[in-house]
Amino acid sequence: MEKIELKTDRLILRPIKPGDENQIHEYAGDKEITMMFWLPNDTFEETVDFVKRNVEEWESENQTDFEFVIIYEGKIIGGCDCDLGHSEDHSYATLGWIINKKYRQRGFASEAAAALLDFAFTRLNVQKVYAQCDCKNQASFGVMKKIGMKLIDDKGTRTYPKTGITSGEFTCLITKEEWRNE
């Protein structure tokens, strides 16, 4: 797929590229972010590997994970992804996002998530989009509701590999038809 850049009123979402490691590690290396267990947050070397893997994914002909950085006023303030890898036939996508704690509560996650939703439905042509969050992560759950997603499961659980702690999980969904009608 060609290189993609998504623009919103305030943000640019672009593919991860070499040279992003320091700014990504600034939010990914935040030890308080325990709910984001997929982030490379133990060492800078993990962040370097994360960037390398995602650059390779963007260069792949069979790309299924579209990992973007979120740029505000020229600075990477977070990351987000649209992933087809959970769907064998690529008929649905899952979304995820994270914002550097210095930039939270300004609507950036909702703005980025809305752009990802548009990308999933218009560029990837999926029919459904899911997102999940820890039941204690009210900010992410609020983003899901703000972009039109509906709670479909509040009985899920997730276990964090680093701590072994199990927590509740919310799963939200929006269909292409629902999105069109908003």
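Structural data are supplied above this passage.
From a predicted model like this one, the values you see are computed outputs, not experimental measurements.

(A) How the structure looks around the pairing of strand E8 (residues 166-175). Taken across its ten residues, E8 has eight buried, putting it largely inside the fold. Pairing of strand E6 (residues 128-134) with E8, which is carried by seven bridges, proceeds in the antiparallel orientation. Bridge pairing in E8 places Tyr130 opposite Leu173. Pairing between strand E7 (residues 150-159) and E8: seven bridges, direction antiparallel. Counterpart to Thr159 in the pairing with E8 is Thr166.

(B) Seen up close, the pairing of strand E2 (residues 11-15). Counting buried residues in E2 gives four out of five residues, a clear majority hidden from the surface. The hairpin formed by strand E1 (residues 6-7) and E2 contains three residues between the paired strands. Sheet analysis places E2 next to strand E3 (residues 65-72), joined by five bridges and oriented antiparallel. If you follow Pro15 over to E3, its bridge partner there is Phe68.

(C) View of the pattern of salt bridges. In total, this model carries nine salt bridges according to the counting rule given. Across the pair Glu26 and Lys75 runs a salt bridge whose closest N-O atoms are separated by 3.1 Å. Residue Glu26 is located in helix H1 (residues 21-28), and its partner Lys75 is located in strand E4 (residues 75-83); the two are separated by 49 residues in the primary sequence. Under the relative-accessibility criterion, Glu26 is labelled partly exposed at 33%.

Quick notes on the rules
Residues numbered from 1 in each chain as written. Predicted model: local features only at pLDDT ≥ 70, side-chain atom pairs only at ≥ 80, totals over all residues. Heavy atoms only, no water. Buried < 20%, exposed > 50% of the residue type's maximum accessible area, 1.4 Å probe, protein only. Helix = DSSP H or I, 4+ residues; strand = E, 2+ residues; numbered from the N terminus. Pairing = 2+ DSSP bridges. Salt bridge = Lys/Arg side-chain N within 4 Å of Asp/Glu carboxyl O.

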